[in-house]
Amino acid sequence: MNSRERILGRVRRALADVPADERSYEEAVPRHYLREHGERTTEETIDLLAENLTDYRAVVHRADAEELPLLIMRLLAERGSQEVMVPPGLPPSWMAAADPVRIHDRAALTPDRIDRVGSVVTGCAVAIAETGTIVLDGSPDQGRRRITLVPDHHICVVGVPDQVVASVPQALERLDPTRPLTWISGPSATSDIELERVEGVHGPRALEVILLG
Amino acid sequence: MSSTFVGMPAFPEAARNAVADPTLRGNLRHATHTIRAKRAGAVAELSDWAELREAGRRIKDHTLRHLDRYLEQLEASVTAAGGTVHWAADADEANRIVTRLVKETGESEVVKVKSMATQEIGLNEALEAEGIRAYETDLAELIVQLGKDRPSHILVPAIHRNRGEIRDIFAHEMAAWGRPAPANLTDTPADLAEAARLHLREKFLRARVGVSGANFMVAETGTLVVVESEGNGRMCLTLPRTLISVVGIEKIVPTWRDLEVFLQTLPRSSTAERMNPYTSTWTGTTDEDGPRTFHLVLLDNGRTDALADQVGRQALRCIRCSACLNVCPVYERAGGHAYGSVYPGPIGAVLTPQLRGTTSEIDASLPYASSLCGACYEVCPVAIDIPEVLVHLRERVVQGGPAVRQGNKVVLRPAKGHAAERAAMRAAAWAFGHPGALRAGQRLASRSRRLHPRTLPGPGRAWSGTRDLPTPPAEPFRDWWQRTRGGKDAK
Amino acid sequence: MRVALFLTCVNDTLYPETGKAVVKLLGRLGVEVDFPMGQTCCGQAHYNTGYRHEAEPLARRFAEVFGEYDAVVTPSGSCGAMVRQAYPRMGERAGAEGRGDSLARALAPVVPKTYELTEFLVDVLGVTDVGARYPHRVTYHPTCHGLRGLGLGDRPRRLLEAVEGLDLVELPGADECCGFGGTFAVKNAAVSAAMGRDKVRNAESTGAEVLCAADNSCLMHIGGTMSRLRVGMRPVHIARILASTEEDPAV
């Protein structure tokens, strides 16, 4: 008998007391919790997103389509990055004014090479107001996971209000589980020393979020 | 479990030593009290916490009660998404599988995401024995690994260390493992985090094999979820060519939607955050993004034995948040090492004796490592009634009885060393069944009250070493009641 | 309404004054309590130490002795929790062991009508001002089984706040266990003692003369620690405070 059969056999014997006609999954799991917490206008939801992002030390900016290229240029200049990673599907207009050399993500790039790039600019899949979270799903405007991981400075553009939801349940509804997802709530952090939160470990230590609307 | 725990003294002895260590007491008190207040605040933000907790409990219970079906579904969906599923009945088998998979890549080192399952099976030691070096990349795990120490907390394995001790470990030990700590390293947490970043960076960038656990596995989609803070998880899950995840079979949830419960309750319960900095989900492999090869090792190692226990199986609902440790007054004073297991604290006291059995002295002492105060149950985000399971396991220790070990039905014999207690309990039960006998005992105590010492010799010292004894009254209540006809004749 | 006092074996043997206080307090509120002489012990120490089978006859005896009453009042949060929480569980376990539902049926009637004292006062009698006078500075320790097991909430506090002359001061870390825990106090004496010391130091910091609780087992541990540490405070059961009047004061 292989281990698969052995384990499944043990499970079945262990569950001998469970009646065959037990309630179905839908009946067994009551979902009386809220779809979102509190009632907010669209504007208030976006404000909450900004507030919670800031609370976890992300830097929040607001811009319209016209202002965006200049804002991105300014943020990259302030950071002093010589090079910036750009995902393949990033709208070219966003980077129209940016000075640093654009490094396009190719499979041939090694992690060491990406480590020498100062910044990365991406879009996102969805942003969650209640938790101050942005979610990347590897779409062309976000690129491979590694490009938002290795550079130390991440600029993420969130389309408002379309890409903003209030809550975790609403975000999951929008996301495709077959894609690799990265949920980001502020820059990397740790609570491993005396259970006190410190920002900045392995992931990007600077996270800037631009609310584009 | 990890060989480093073999030969642990029983809990009371280890705890006595911990209580006598003022540095340890101070470190634990500071850390647990810091997180307690924060957790309460993070939980209070959600008006529907009780409903989320109930849904979490029900999702986990339902999954456990149909675990065979969900395991098969998970296997099918992971395989369809390009992953390879392996089954490991015990720690040895899991270690053999992982070792073989690493060797097949031709590599001799792996980077690891913090994982309770791989600690439980002692994977690092097993790999080391085969010439493969495993680098822990979580900050606290790094502290433990560099310090040749043992973990003492589920979430923060180095909770027993303060910043000064961590500085010293980094300064002295990092060089032997790779990039040395910066000269003049201070003990500020930000500097220590920076030192860890620099030390591990080169390892992440060259790593070809990553090893992880998972917080959740979604049966319907084959998706695995890792919840973390530092980004070391993202590094290990994204940069290597091969990813090997070792996950306990109880980590399944049926549907994608179920994550909406746990991604709200887990971060608030563990680090007291609205959301942890990073959560990664992956489903098999993705073309040109992340590992090309993905192996999932499903681990039993005693879980099916726990599943066979109708009272004890609720411990398998655990999502490893460690809220119960942080709130436990016994953990706060005894520290994690006293539990002799990678699972310390209240959840460890109910999980370890079920995974390992109750035959060793330390395992048999764990169900008693609690005053049954119930604080753990109150904070548990999946409502594990830990006091109920503790009492149930005490019964298994002193009375023995039917149980399942390694998949086989056995009848356990009562543990040794409880004979005197058992006799006393039986005698007391007899006396309480005979009020006349009880009364005779009470009167004897009352009449000899002037002879009662404030302290006791022998085993009684366990009480009177630190606490004075009460003086028995002149007469027990029942005598007063009869003498005064329920107080009517009193004064 | 026929009301029985379940005093508990610990109170009967060691703390009869608590029993007398309950009789006096309830009498003053117009409730004549009976003390059925057949009562002994609820079985908590046995059950919590792992001797469930030894606890079963004690639970059966409890159900027989108190079955005929309309309400059972006990001045102990932990014994109250034993009846209300563990008795149903004992019945279930006996059934799961293939011993039928006889135990469950025997115990079921007493479960809903067993009340901890402060619960009985607030929920059944509907009083919070019991006409007591106790001119002392008091801090209150909510015992674990009362607080988390029975969910007594702010009932004891409301009762104490209504006592004339009583100065109630907040106990830091009030919700934390005192470290008694039944046989835990001797099986893990070092941790138990450390918890007790911390509880006493917190109590001492309030400047109160009296530490009040609704369970004498915990007070035995806390009081024994106070006495050993020579802390000038005394442990007093809430029943004695609520029974205290100008004419017949409790110290």
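Structure first, text after, so check above.
All figures in this text were calculated on a predicted structure; none of them were measured in a lab.

**Side note on the overall build of chain B**
Counting secondary structure elements, chain B contains 23 helices and twelve strands. Radius of gyration (C-alpha) of chain B: 26 Å, near the 23 Å computed for a compact globule of 491 residues. Principal-axis analysis of the C-alpha atoms places the extent of chain B at approximately 90 × 55 × 45 Å. With 491 residues in all, chain B has 58% of them scored as buried. In chain B, 73% of the contacts between residues at least 6 apart in sequence involve partners at least 24 apart.

**Regarding the interface of chain B and chain C**
At the junction of the two partners, chain B supplies 51 residues and chain C supplies 56 residues. Within the residue set of the side of chain B that touches chain C, elements represented by two or more residues are helix H1 (11-19), helix H15 (329-334), helix H18 (375-379), helix H19 (386-399), helix H20 (419-432), helix H21 (435-447), helix H22 (461-464) and helix H23 (477-484) of chain B. If one sorts the elements of the side of chain B that touches chain C by residue count, H19(B) sits on top with six residues. Per-class residue counts for the side of chain B that touches chain C are 30 nonpolar, eleven polar and ten charged.

**So, the sheet that holds strand S5 (residues 216-218) of chain B**
Taken together, the eight strands give an open sheet; going across it, the order is S8(A)-S5(A)-S6(A)-S9(A)-S9(B)-S6(B)-S5(B)-S8(B), and neighbouring strands pair in mixed fashion. At either margin of the open sheet sits one strand with a lone partner, and together these are strand S8 (164-165) of chain A together with strand S8 (252-253) of chain B. Most of the contacts of helix H12 (residues 259-270) of chain B go to strand S6 (residues 223-228) of chain B, to which it runs at about 15 degrees, and overall it touches S5, S6, S8 and strand S9 (278-283) of chain B.

**Focus: the environment of C:Cys144**
Here C:Cys144 shows up in helix H8 (residues 144-149). Residue class for C:Cys144 comes out buried when judged on the 27 C-beta atoms lying within 10 Å of it. Between the C-alpha atom of C:Cys144 and that of C:Ser78, which follows or precedes it by 66 residues, the distance is 7.8 Å. Residues contacting C:Cys144, with those up to four places away along its chain left out, are B:Cys373, B:Gly374, C:Gly149 and C:Cys177.

**Here we look at the sheet that holds strand S3 (residues 101-104) of chain A**
Residues and elements named next belong to chain A. Strand order in this open sheet of six strands is S1-S12-S7-S4-S2-S3, and the pairing throughout is parallel. Unpaired on one side and paired on the other, strand S1 (59-63) and S3 mark the two borders of the sheet. This sheet shows a mean twist of 25 degrees between the axes of neighbouring strands, independent of strand direction. Summarising the sheet, S1 and strand S12 (residues 206-212) pair through five bridges and their orientation is parallel. By the bridge assignment for S12, Val59 is matched with Glu208. With respect to the sheet, helix H4 (residues 68-79) is in contact with S1, strand S2 (83-86), strand S4 (119-122), strand S7 (153-159) and S12, its orientation differing from that of S12 by roughly 170 degrees.

**As for the arrangement of the chains**
No other pair among the two pairs of chains in contact exceeds the contact count of chains A and B. Left apart from each other, chain A and chain C have a closest C-alpha approach of 10 Å.

**Points about the packing of helix H4 (residues 52-66) of chain C against helix H5 (residues 77-96) of chain C**
Residue and element names in this part refer to chain C. Interaxial distance between H4 and H5 falls to 11 Å at its minimum, and their mutual angle equals 115 degrees. Handedness of the H4/H5 crossing: left-handed. Where H4 approaches H5, its residues Arg52, Ala55, Glu56, Ala59 and Phe62 are matched on the opposing element by Val83, Tyr87, Met90 and Arg93. Taken together, the residues that form the contact of H4 with H5 break down as six nonpolar, no polar and three charged.

**Some words on the nonpolar core**
In this structure, A:Val158, B:Leu299, B:Cys324, B:Ile386, C:Cys212, C:Ile241 and C:Leu242 are the most contacted members of the largest nonpolar core, which totals 306 residues. Setting aside its immediate chain neighbours within four residues, C:Cys212 contacts C:Val138, C:Tyr140, C:Leu160, C:Val236, C:Ile238 and C:Ile241.

**Regarding the interface of chain B and chain A**
Each partner contributes to the interface: chain B provides 79 residues, whereas chain A provides 62 residues. Split into classes, the residues belonging to the side of chain B that touches chain A amount to 39 nonpolar, 23 polar and 17 charged. Relative to S9(B), strand S9 (residues 181-184) of chain A runs antiparallel, the two being bridged by four bridges. Residue A:Thr182 lies in a different strand from S9(B), and its bridge partner there is B:Ser280.

**Quick look at the pairing of S6(B)**
All names here are of chain B. Most of S6 is tucked away, with six of its six residues classed as buried. Bridge analysis of S5 against S6 gives three bridges, and the strand direction is antiparallel. Residue pairing across strands places Met217 opposite Leu224, the latter belonging to S6. Here S5 folds back onto S6 in antiparallel fashion, the turn holding four residues, of which Gly222 has a positive phi close to 80 degrees. Here S6 runs beside S9; their pairing, made up of six bridges, is antiparallel. Looking at S9, one finds that Val227 is bridged to Thr279.

About the thresholds
- Residues numbered from 1 in each chain as written.
- Chains lettered and ligands numbered in written order.
- Predicted model: local features only at pLDDT ≥ 70, side-chain atom pairs only at ≥ 80, totals over all residues.
- Helix = DSSP H or I, 4+ residues; strand = E, 2+ residues; numbered from the N terminus.
- Rg over C-alpha atoms; globule rule 2.2 N^0.38 Å.
- Buried ≥ 20, exposed ≤ 12 C-beta atoms within 10 Å, placed from the backbone.
- Contact = placed C-beta atoms within 7 Å.
- Nonpolar A, V, L, I, M, F, W, Y, C, P; charged D, E, K, R; others polar.
- Pairing = 2+ DSSP bridges.
- Axes fitted to C-alpha atoms, helices over the stretch in contact; angles between N-to-C directions.
- Left-handed = near helix turned anticlockwise from the far one by under 90°.
- Core = buried A, V, L, I, M, F, W, Y, C linked by C-beta atoms within 7 Å.

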